[in-house]
Amino acid sequence: MASITVDGQVIEAPAGAPLVEVLKNNGFYVSSLCYIDGLKPYAGCRSCLVDIEGPPGLQLSCTSVVQDGMKVTTSSDEVKDARKAVVSLILANHSDRCLTCHRREHCHPGDICLRDDVVTHRCLTCSKNYRCELQATCEMVGMSGYEPWVGEERSWYQHPQPPADRANPYMEFDPQMCIICTRCQRACEDKRHTGAITLSGKGWDTRIAFGAGGAIHESNCDFSGACIDVCPTAALMEHPNKWVAKPDTWTMTTCDSCAVGCSLKLGSKEGRGVIVRPGNANPFSGDQICVRGRYHYDSLKPRERLSRHFVRRGAIHAPASLADALAEAAQALKDAKSKGRVGVLVGGNLTNEEGWAAAKIAAALGGNADLSSGPVVRAVKGALEARLGTWRTAADMTRIPAAKALVVIADDLEESHNVASVRVKDAAVHQKAKVIVIGAVRSELVDFAACWLRSEPGEEGLTAARLADAVAGGQPHDHATAEAAGILRDAPRDGTLVVCAPNPVSAAIAGSMAGGAANLAVALFGNAASENLVVLPTEANVNGLLDVGVAASGGDDPLAGLAGLLVVRDDPTMRLPGAAEALAKIGTIVVIDNVLHETAKRAAVVIAEGRAYASRGTYTTGGFRIQKLSPAVAPEGDAIDCYRALHGLGAALGVDLPANADAALGEIAKANPAYQPAHDLILGEGVAMAVAASGKGTIVPVAALTVSGRGLRLATGRDLYTAADAAALRHPEAEKLHRYDRIQVSEADAARLGIHSGDEVEIAAGGAAIRAKADVNERVATGTVFVSSLLQGGAVAQFFTGDALPTVTLTAAAVPGRRATQLA
Amino acid sequence: MTNAKLQAIIDSAKRDWAAYQSDGRQHVRICIDTSSLARGGQATLDALRAAVAARGLNVDVGTGGSWGFSWMEPTLTVRSAAGTRTVLYANLTAERVDEFVDRVLAAGGDMPELALGVVEGTSTPEVPLLSDHPFMKGQVRRLMANIGVIDPENIDHYIALGGYEGFGKALEMDAEAIVKEVVDSGLGGRAGGGFPAGRKWDFLRSATAEPRYLVCNADEGDPGAWVNRVLMEGDPQLIVEGMLIAALAARAREGYIYIRYEYPLAFARMQTAVDQAYAKGLLGTNILGSGLDFDLVVFRGAGSYVCGEETGLINSIDGYRGMPRIKPPFPAQAGLWNKPTNVNNVESYANAPLILRNGAEWWSTVSTAKEKGTKMFTFSGSVNWQGCVEIVYGPTVREALEQYAGGMKDGKRCKGFQPGGPLSGVVNGDELDLTLTLDPYRERGLFLGGGGIVFFDESACIVDLCTYFLGFCEAESCGRCTTCHGGTQRAVEILRRISLGGGREADLENFQELVKTLVWSNCFHGQFAMTTIKTALKAFAGEWTEHIVEKRCRAGVCPGLIEYRVRSQTDAALAEARAICPTAAFVEEGGQWRVDDALCVRCGACREVAPNAIEVRDRLAAPIAAGAAAGA
């Protein structure tokens, strides 16, 4: 630690630390419009000037580092004047008059400007008003009345900036507002490793550009919004709710989109979400979230969610009071129980507390709670237990960005678990880590990989198992496997990790992937395998739900032989082939959910609940970290939060459940001491769970799955953009960018078939078929088609009925004047 | 010299050269450089070759670099068949080639109307010695010794005339000794910094990280400077050899020559030179069996002025956007590919072979000034001769102007000059007695740059001049610093407003504000962008007041302050003036022509074609009261 003096006050700070961060953290105001904490200084805004004793003139605090004995002045007249002069140059190229106006606090939107200033030059008409860093900087630097350049013919305005880009559903870019601080460019490059943003041109023509200078959605932007977080002006803003995103409440909660469990701050206004920022409470996600975390709070309009409870009256659903709905639901379930088995299916993003309550209700109804992804989850669990003796992998995920070698076995980690993929890139970029990617489609992660073992779809696990054999000293299956094994042999063991995100659709494939990953971990680490393997389920809280007894047991078909069914925020028709027919045979269905999906439409009673963002509770992430959820949005209308719905149903069924989610967590902790710290820290944001190392590692051969048919191989996986709740509604805007509501076809196959992107095509096999527009791209290999696991409400599941890997025929839909062609 | 391989190369080159010189043919060497090409040099060359072939003459027509007479290109030398007499000719246009070939090459006579002087041999009353030409007299041609004499695309010519002897000596010396020799010589950075080159090489040698890089800065972007181009287009091997010597001194393994995009010919010639050096084994691994490895890459920039700043240049080679970096770290610690790097100007490297070949003492004693050695300058602007010279440091600007630039055009008074590019400031013509050395400019807050000196006469308006140079700085700002890209924009806006007649007294204050604020920029470009205005405000204070207060532009340039008037209705050229007007601003009223001020764009074309019919008058200035004028 060094000791420095700032404005006469002595401060302890680490020697070599950037002075600007030390000043800010110690409560000294320094304007800094281009600095990003933790990144190398860009030193573009030149406004963070301070006076450091010794060198002549003023110094930038972003490029200065702390040295023992340093004497810093931040508030002398010289410093203040210089800062004002610098900021005035920024304001001269910014729509600015309000920033220096002495009346700025008295003005209201719609007022006539006393300075006769045009509307577009006024902060009052800016969507960033009152949450703008430039505005705040002007206040702090004291720009009021300081206007040396007012009245100039501002040449910057004579070269019209490109029009604002509002062409995509997520993000707006208005170059007019840009002060070319390049924070967005550096966040995209250095924090996200995406590099979609660049600084183009020079002189007065210098400006921020996406990709090659076109629209944002034509660049490789993945809409994480990391650039929005750092933009000091209104140049980059979220598209949804742009004008109302001045929340009255910020709530720290956890993203419900995947098992990474990124913490996020959800800003709400009158109970409805309007904006999301990264939450920083999960050290793994840190200041990053992905497009799903940032925008899926807004995946459906409020009126598209359930705001009333329904009971079936003949052919129609009639609105009902909560009490009536609960009473009727309980009665229906009791009746069903008297007739036969009653099943309970819950969604993978229920909290631990909700899952625990559902499990209690299931027990009271004489069965077990399951997930509709239960077969997949059990396949993964079984594969891990066979090899490691446990399904709880003990690897700390925060080791990923610090790793020296990583093996990623996934459909496409970039898409399914985006922030995990960012951390893998962190390792590749900052640690020069060797990344080995095993997957069938060209993931963006491949660009960062030292080695890509491209498998056939569904054979990722087999490929990983072959790599494991090669690592263990066996004859390598092929040249690439030998190369990858060599990389792993040379890498430091304590810096190596295996990351696996099993397939969400097929139990056979998922089990094979987990088995292959576990084999590799055993080959590398022996009995310490479980401490060096990360398994990321597709859904947010699979690990926690397993812990509270959901999906612990069950068959291949959770809907088989049921007389009644309780479904909690889940839609079996999205995952289970033949679910529609099975549901038709079930006498009584009760649904607790926030959207009226296919299963809910068949239900006798529908109880409206809020979604995960309305819940209080905990998630257990893929890395076995217990992350807290706090109610950030209000359930729509009459809807109630999910735990309350379960509690009410339990009461009506005579199941005694704790009064609230916190008490439920207490019960969970009693049964499973690993949850005690989470319960103790109930006011905190999250806590890592102690997972015991299994101390066991056995290689179990991974069987090759047979391929049925001789058509094109079918690949599937969770995509980055589709919202699961909107997909359950078969909503046409479930994937707002319209990249993954298509059938992805390789260029070679498309050429053979004579189809182009946008043409209508159909894939079919054994009576199942999906018809959608084609997307011809380089992501899929020749002889393969890719369909998102959520396309058309999970329609792809119908192809994965048994253990075999499906193949399909691809047909260009008949177009008048053109003959239909088919590829098999 | 003990390196046998090098000796063999030199011996062979000398034999070839001797044979070439005595092959009994006439040798014509025509200057093909960028200036020559701009003045039709290629057409002349083609015509010359065709004419020689048509007449079946056994004449060797070769190409070379520029003798420095850039305003009279294409120039060419003719060496007699016996090798006893060489004459330098100028201004040979393609139309005169036939006559030239007949009279000079076929008949063996002189063509005095085109002759500049006799390079070698006897003079005649019509064709004096070239060394007596006022432009050449007093020049000390060391760097330029070979230029125009040899084929820049033939390494053997260079070697035959003493090339690589300095490198041969350096090969036998240890690094410390080379550094000592160069430090002793007093060679200072030639781009205007003047920092001892030997010391810089020593810094690089003492850097701990490997590998170390040498970079040659050939991004000569200052308007009115072309000394580096003359060197690269005329004698590229000099730079290759200089960098090899620096590589020995600094123990560098790889070098880059960064040439600006706008110098395609220099790039091509430099590339050829490097290729030939590789072919001779003078570059690459284990050079001449000495164990030295040195690779040299010729790199073409993408057309950005700030890439002349060393860290911007390094960024550009690294493949990043051409933006100067944040310092520290300095290139000597982390430059190219984040490894220790030394950046020198073309001319700095080019002096190394001369120092090693002839010794530090020979090299430095030529100059009695603090700055040692010779320096190349280019003079341009409103002067008679826009050429390139090599002189010893020390003469005054006036001497240089009179002797090497041929004085001001049309005998006008020199209003001022710019000593070294758009960042260097302007000097009033009253101060022509400043010497061409570094210190006088430093003391005045200016600097003598890479050697491009631009003179302007009374027809230049200081506001217009500042607008041009600030506009240049604005357009070439890399976009990093608010102070630079924003500050230059503000300055240009104010200047434009003044020239349109909207000058305010607050402008002078605002200029001072900008002068104060732009120093907080990251690199020289921003820090010195305001130098032109800062120095002009002092050196031409009266003219600013005229513009801002009296609304008068004495040079008749600022469009808002002047108007064009028809002075003579009867002048014969008036019709031509009317015809040339691009906006049809001449209107007829009652048989009288007048210029419609609203239509006139002040292009000045009418005045050029009809100087007697058109006059420029103040547009806004109130006539100065006779008494006040008399009082002043």
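Residues numbered from 1 in each chain as written. Chains lettered and ligands numbered in written order. Predicted model: local features only at pLDDT ≥ 70, side-chain atom pairs only at ≥ 80, totals over all residues. Heavy atoms only, no water.

## Quick notes on the overall build of chain B
Next up, step 1: Each helix and strand counted, chain B has 25 helices and 18 strands in total.
Next up, step 2: Here chain B has a C-alpha radius of gyration of 27 Å; the compact-globule value for 632 residues is 26 Å, and the two agree.
Next up, step 3: Within chain B, buried positions represent 59% of all 632 residues.
Next up, step 4: When the accessible surface of chain B is summed, it comes to about 23,200 Å², and 52% of that surface belongs to carbon and sulfur atoms.
Next up, step 5: Treating the 63 positive side-chain charges of chain B as one cloud and the 76 negative ones as another, the clouds have centres 3 Å apart. (Helix = DSSP H or I, 4+ residues; strand = E, 2+ residues; numbered from the N terminus. Rg over C-alpha atoms; globule rule 2.2 N^0.38 Å. Buried < 20%, exposed > 50% of the residue type's maximum accessible area, 1.4 Å probe, protein only. Areas by Shrake-Rupley, 256 points an atom, 1.4 Å probe, with all protein chains shown as cover. Lys, Arg positive; Asp, Glu negative; His and termini not counted. Charge placed at Lys NZ, Arg CZ, Asp CG, Glu CD.)

## Side note on the overall build of chain A
Next up, step 1: A count of helices and strands for chain A gives 23 helices and 34 strands.
Next up, step 2: Here chain A has a C-alpha radius of gyration of 28 Å; the compact-globule value for 824 residues is 28 Å, and the two agree.
Next up, step 3: By principal-axis analysis of the C-alpha atoms, chain A measures approximately 85 × 70 × 65 Å.
Next up, step 4: Counting the 824 residues in chain A, one finds 61% classified as buried.
Next up, step 5: For chain A, long-range pairs separated by at least 24 residues make up 70% of all intrachain contacts whose partners lie at least 6 apart in sequence.
Next up, step 6: Summed over all atoms, the accessible surface of chain A reaches about 29,500 Å², with 51% contributed by carbon and sulfur. (Contact = heavy atoms within 4.5 Å.)

## Points about the environment of methionine 72 of chain B
All names here are of chain B.
Next up, step 1: Checked against the element boundaries, methionine 72 lands in the loop between β2 (59–64) and β3 (76–79).
Next up, step 2: Judged by relative accessible area, methionine 72 falls into the buried class, the value being 14%.
Next up, step 3: As for methionine 72 and glycine 387, which are separated by 315 residues in sequence, their C-alpha atoms are 8.7 Å apart.

## Side note on the environment of arginine 752 of chain A
Next up, step 1: Tracing the backbone through its elements, the reader meets arginine 752 of chain A in helix α23 (residues 747–753).
Next up, step 2: Within the local environment of arginine 752 of chain A, its side chain forms a polar contact with the side chain of aspartate 749 of chain A, the two groups lying 3.0 Å apart. (Polar contact = N/O pair within 3.5 Å; in protein donor to acceptor, adjacent residues only side chain to side chain.)

## Describing the pattern of salt bridges
Next up, step 1: One pass over the full model with this rule turns up 76 salt bridges over all chains.
Next up, step 2: Between glutamate 456 of chain A and arginine 713 of chain A there is a salt bridge, with the nearest N and O atoms lying 4.0 Å from each other. Separated by 257 residues along the polypeptide, glutamate 456 of chain A in the loop between β19 (451–454) and α13 (460–471) and arginine 713 of chain A in strand β28 (residues 712–717) bring together distant segments of the chain.
Next up, step 3: Residue glutamate 456 of chain A is classed as partly exposed on the basis of its relative accessible area, which comes to 35%.
Next up, step 4: Classification of arginine 713 of chain A as buried rests on a relative accessible area of 13%.
Next up, step 5: Where aspartate 98 of chain B meets arginine 55 of chain B, a salt bridge forms, and the shortest distance between an N and an O atom there is 3.3 Å. (Salt bridge = Lys/Arg side-chain N within 4 Å of Asp/Glu carboxyl O.)

## Considering the interface of chain A and chain B
As a measure of interface size, the accessible area lost when the parts come together is often cited.
Next up, step 1: On the side of chain B, 33 residues touch chain A, which itself brings 35 residues to the contact.
Next up, step 2: Summing both partners gives a buried area of about 2,700 Å² for chain A against chain B, and 53% of it is carried by carbon and sulfur.
Next up, step 3: Sorting the residues of chain A by area buried against chain B places Arg46, Leu89 and Lys202 of chain A first, and these three jointly supply 23% of that buried surface.
Next up, step 4: The tally of links between chain A and chain B comes to 15 residue pairs in polar contact (both at pLDDT 80 or more).
Next up, step 5: Taken together, the elements giving at least two residues each to the side of chain A that touches chain B come down to α2 (77–92), α4 (155–158) and β7 (197–200) of chain A.
Next up, step 6: A total of 6 residues in the side of chain A that touches chain B trace back to one element, the largest contributor, which is α2 of chain A.
Next up, step 7: Looking at side-chain class alone, the side of chain A that touches chain B contains 20 nonpolar, 10 polar and 5 charged residues. (Buried area = accessible area lost by both parts, 1.4 Å probe. Nonpolar A, V, L, I, M, F, W, Y, C, P; charged D, E, K, R; others polar.)

## Notes on the domain arrangement of chain B
Next up, step 1: Here chain B is described as being made up of domain 1 (23–132), domain 2 (164–358), domain 3 (374–457), domain 4 (462–550) and domain 5 (562–618).
Next up, step 2: The C-alpha centroid of domain 5 of chain B is placed 33 Å from the C-alpha centroid of domain 4 of chain B. (Domains from an automatic or database assignment.)

## Side note on the sheet that holds strand β26 (residues 625–629) of chain A
Through backbone hydrogen bonds, the strands of a sheet pair up, either in parallel or in antiparallel fashion.
Residues and elements named next belong to chain A.
Next up, step 1: One open sheet holds the 3 strands; their spatial order is β25-β26-β27, and the pairing between them is antiparallel. Two strands close off the open sheet at either side, each with one partner strand: β25 (617–620) and β27 (686–688). Across the sheet, the mean angle from the axis of one strand to that of its neighbour is 20 degrees, orientation sign disregarded.
Next up, step 2: Bridging between β26 and β27 involves 3 bridges; their strand directions are antiparallel. Within the sheet, the bridge partner assigned to arginine 625 lies in β27 and is alanine 688. (Pairing = 2+ DSSP bridges. Axes fitted to C-alpha atoms, helices over the stretch in contact; angles between N-to-C directions.)

## Some details on the pairing of strand β12 (residues 272–278) of chain A
All names here are of chain A.
Next up, step 1: Where burial is concerned, most of β12 is hidden: 6 out of the 7 residues are buried.
Next up, step 2: As paired elements, strand β11 (residues 263–269) and β12 share 6 bridges and run antiparallel to each other. Note on β12: the bridge partner recorded for leucine 266 is valine 276.
Next up, step 3: Counting the residues that bridge the hairpin from β11 to β12 gives 2 residues, and of these glutamate 270 lies at a positive phi of roughly 50 degrees.

## Quick notes on the nonpolar core
Soluble globular proteins: nonpolar side chains tend toward being buried together.
Next up, step 1: Counting residues in each nonpolar core, the largest one holds 123 residues, and the members touching the most others are Ile409, Ile436, Leu467, Val498, Leu520, Leu649 and Ile763 of chain A.
Next up, step 2: Ranked by residue count, the leading element in this core is helix α15 (residues 507–525) of chain A, at 13 residues.
Next up, step 3: Look past the residues within four positions of leucine 649 of chain A in its chain and what remains in contact with it is Leu326, Ala329, Ala330, Leu333, Ile361, Leu566 and Ile592 of chain A.
Next up, step 4: Core analysis: the second largest hydrophobic core is formed by 93 residues, Cys138, Phe173 and Ala196 of chain A together with Val306 of chain B among them. (Core = buried A, V, L, I, M, F, W, Y, C linked by side-chain atoms within 4.5 Å.)

## Some remarks on the environment of alanine 671 of chain A
Next up, step 1: Of note, alanine 671 of chain A is situated in helix α20 (residues 661–671).
Next up, step 2: For the pair alanine 671 of chain A and valine 548 of chain A, spaced 123 residues apart in sequence, the C-alpha separation works out to 8.7 Å.

## Quick notes on unusual backbone geometry
Residues and elements named next belong to chain B.
Next up, step 1: Cis geometry is adopted by the peptide bond preceding proline 74, which originates at glutamate 73 and carries an omega value of -5 degrees.
Next up, step 2: Residue placement: proline 74 occurs in the loop between β2 and β3.
Next up, step 3: Phi angles above zero are rare outside glycine, and lysine 551 is one such case at about 55 degrees.
Next up, step 4: Examined against the element boundaries, lysine 551 turns out to sit in the loop between α22 (541–550) and β15 (562–566).
Next up, step 5: Looking at lysine 551, the relative accessible area reads 18%, which means it is buried.

## Details of the packing of α2 of chain A against helix α19 (residues 506–518) of chain B
Next up, step 1: Where α2 of chain A meets α19 of chain B, the axes come as close as 10 Å, and the angle between the chain directions of the two elements is 105 degrees. For the element pair α2 of chain A / α19 of chain B, the angle class is roughly perpendicular. In this structure, α2 of chain A uses Ala85, Val86 and Leu89 of chain A to contact α19 of chain B, whose residues at the interface are Glu513, Leu514 and Thr517 of chain B. (Parallel < 35°, antiparallel > 145°, perpendicular 65-115°, else oblique.)

## Quick notes on helix α10 (residues 374–388) of chain A
The α-helix advances 3.6 residues per turn, and as a result positions three or four apart in sequence lie on the same side.
Residues and elements named next belong to chain A.
Next up, step 1: In a regular helix each residue adds 1.5 Å, so 15 residues correspond to 21 Å; α10 covers 20 Å between its end C-alpha atoms and thus fits that length.
Next up, step 2: Counting buried residues in α10 gives 12 out of 15 residues, a clear majority hidden from the surface.
Next up, step 3: Three or more residues of α10 are buried, namely Gly374, Pro375, Val376, Val377, Arg378, Ala379, Val380, Lys381, Ala383, Leu384, Arg387 and Leu388.
Next up, step 4: Looking at the buried side of α10, the elements it contacts are β16 (369–371), α15, β21 (533–535) and α16 (542–547).
Next up, step 5: Positive backbone phi, approximately 80 degrees, marks glycine 389, located one or two places after α10. (Expected span 1.5 Å × (residues − 1).)

## So, the packing of aromatic side chains
Residue and element names in this part refer to chain A.
Next up, step 1: Tallied over the full model, the rule gives 30 aromatic pairs over all chains.
Next up, step 2: Seen from their ring centres, tyrosine 740 and phenylalanine 786 are 6.5 Å apart, and the 80 degrees between their planes marks the pair as edge-to-face. Of this pair, tyrosine 740 sits in the loop between α22 (724–728) and β29 (742–746) while phenylalanine 786 sits in strand β32 (residues 784–788); the two residues are 46 residues apart in sequence, bridging distant segments of the chain. Residues tyrosine 740 and phenylalanine 786 agree in their burial class; the two are buried. (Phe/Tyr/Trp six-rings, centres within 6.5 Å; stacked < 30°, edge-to-face > 60°.)

## Digging into the side chain of histidine 193 of chain A
Residues and elements named next belong to chain A.
Next up, step 1: For histidine 193, the location among the structural elements is in the loop between α5 (183–191) and β7.
Next up, step 2: Polar side-chain contacts of histidine 193 include one of 2.5 Å to the side chain of aspartate 426.
Next up, step 3: If we skip the residues at most four places from it in the chain, histidine 193 touches Cys188, Val422, Lys425, Asp426, Val429, His430 and Phe448.

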